[in-house]
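Below, each chain spelled out in residue letters.
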Amino acid sequence: MAIRHVREYKKVNQIASSTTLSVQPSAIGDREQARRRALTSLITQGYAILRVERNTQALLWATLDSIDEVSAEQRVEFSFPDRTDGFLPIGGEHAKYTDYIDLCDRFCFWNKYRSTHENIDFAQSDFYQNIAECEDVLSTLASDLISGIWSFFQHPEHIKIRDHSYVQLNVYGNSQQENDREYLQDRHEDGHLITLIKPTRDGLVIFPNDVKTKVRLADDEIIVITGSLLTHLSDGQIPPMYHAVENPMMQVSRKSLVYFAIPDLTKSYTSLLAKSAVNLASLADESHRAFGNTSLV
């Protein structure tokens, strides 16, 4: 499966790089309608399911597959827990409202740290190259959605996220899933603007209107959920989407690729409706540290 997805991504990427594709007006219209539906769903329901293009789908799956090729030695070499970067072992992140640790290993990638990675051999690996490209694609998608939300509220401010956000790949090991806990990750909200998620299988649940709802995605779909920073900026009009990862109570492989959209925390912000000052730096940092991570500011 891993080889198939990597080959598929390379094949699609070669086609996209070597062929000039003309986009028909109807295709542009369909994409814009899908974008508007996603924005409406995010604003009114707190989540949206998006269908991605074929080359993006192949890239996401290639990234999820290629982490399996990383050796134990590489994982030790490329680990920077003092800045929540690289391979981070189980136990480093925990639930915000309980004492339970998240039962997964993590890999975190920040675009702002990319220059510090250049002299490390691991930065030339297929997995690193894939996740770096994922960050580029997902940050563009997240930026477009955030711009759409700000336009909906007729707020002129431009939100920069790329050098302040990060990608996280969670790997839920078979041995952890024999645990008797209900969730591998307890119910929580993310302390960011929005979160983009692509899992390899079912397990993610969300709680719209406090109703537990299983998330089922096709291979070419991702889910986007709202975070608490967006709640503060929307004067409480857009609630955060609480979510969790269920424990399957059996040995089954599961991975999840996640993009956390965080704004530039050195800047000042006003809310979308009341135009009142919001201290995003304090709110984002408090939430990030509440999960066991290092400071954002």
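As the structure is a computational prediction, the values presented were derived from the model and not from experiment.

Participant: Please explain unusual backbone geometry as it appears in this structure.
Facilitator: Residues apart from glycine generally show negative phi values, whereas peptide bonds are mostly found in trans. A positive phi is found at Asn209, a non-glycine position, where the angle reads about 55°. With respect to the element layout, Asn209 can be found in the loop between β8 (204-206) and β9 (213-214). Looking at Asn209, the relative accessible area reads 78%, which means it is exposed. A positive phi angle, near 55°, is found at Asp235, a position not held by glycine. By secondary structure assignment, the location of Asp235 is in the loop between α7 (228-233) and β11 (243-246). Accessibility expressed as a relative area gives 29% for Asp235, which makes it partly exposed.

Participant: Would you take a moment to explain the sheet that holds β11 for this structure?
Facilitator: Strand pairs in the sheet, formed through backbone hydrogen bonds, run parallel or antiparallel to each other. Ordered by their spatial adjacency, four strands build an open sheet running β6-β11-β8-β9, and the pairing between neighbours is antiparallel. Looking at which strands have only one partner, the edges of the open sheet turn out to be β6 (183-188) and β9. By the bridge criterion, two bridges tie β8 to β9 in an arrangement that is antiparallel. Bridge assignment links Val205 to a residue of β9, and that residue is Lys214.

Participant: I'm lost on the sheet that holds strand β10 (residues 221-226) in this one. Help?
Facilitator: Strand order in this open sheet of eight strands is β1-β10-β7-β12-β5-β4-β3-β2, and the pairing throughout is antiparallel. At either end of the open sheet lies a strand with only one pairing partner, and these are β1 (47-51) and β2 (79-80). Pairing geometry for strand β7 (residues 194-199) and strand β12 (residues 254-260), over five bridges, is antiparallel. Bridging from a neighbouring strand, Ile197 pairs with Val258 of β12. Against the sheet, helix α3 (residues 54-66) makes contact with β5 (166-172), β7, β10 and β12, and its axis sits at roughly 120° relative to β12, the strand it touches most.

Definitions and cut-offs
- Residues numbered from 1 in each chain as written.
- Predicted model: local features only at pLDDT ≥ 70, side-chain atom pairs only at ≥ 80, totals over all residues.
- Heavy atoms only, no water.
- Helix = DSSP H or I, 4+ residues; strand = E, 2+ residues; numbered from the N terminus.
- Buried < 20%, exposed > 50% of the residue type's maximum accessible area, 1.4 Å probe, protein only.
- Pairing = 2+ DSSP bridges.
- Contact = heavy atoms within 4.5 Å.
- Axes fitted to C-alpha atoms, helices over the stretch in contact; angles between N-to-C directions.

In short, shape yes, function no, at least from these values alone.
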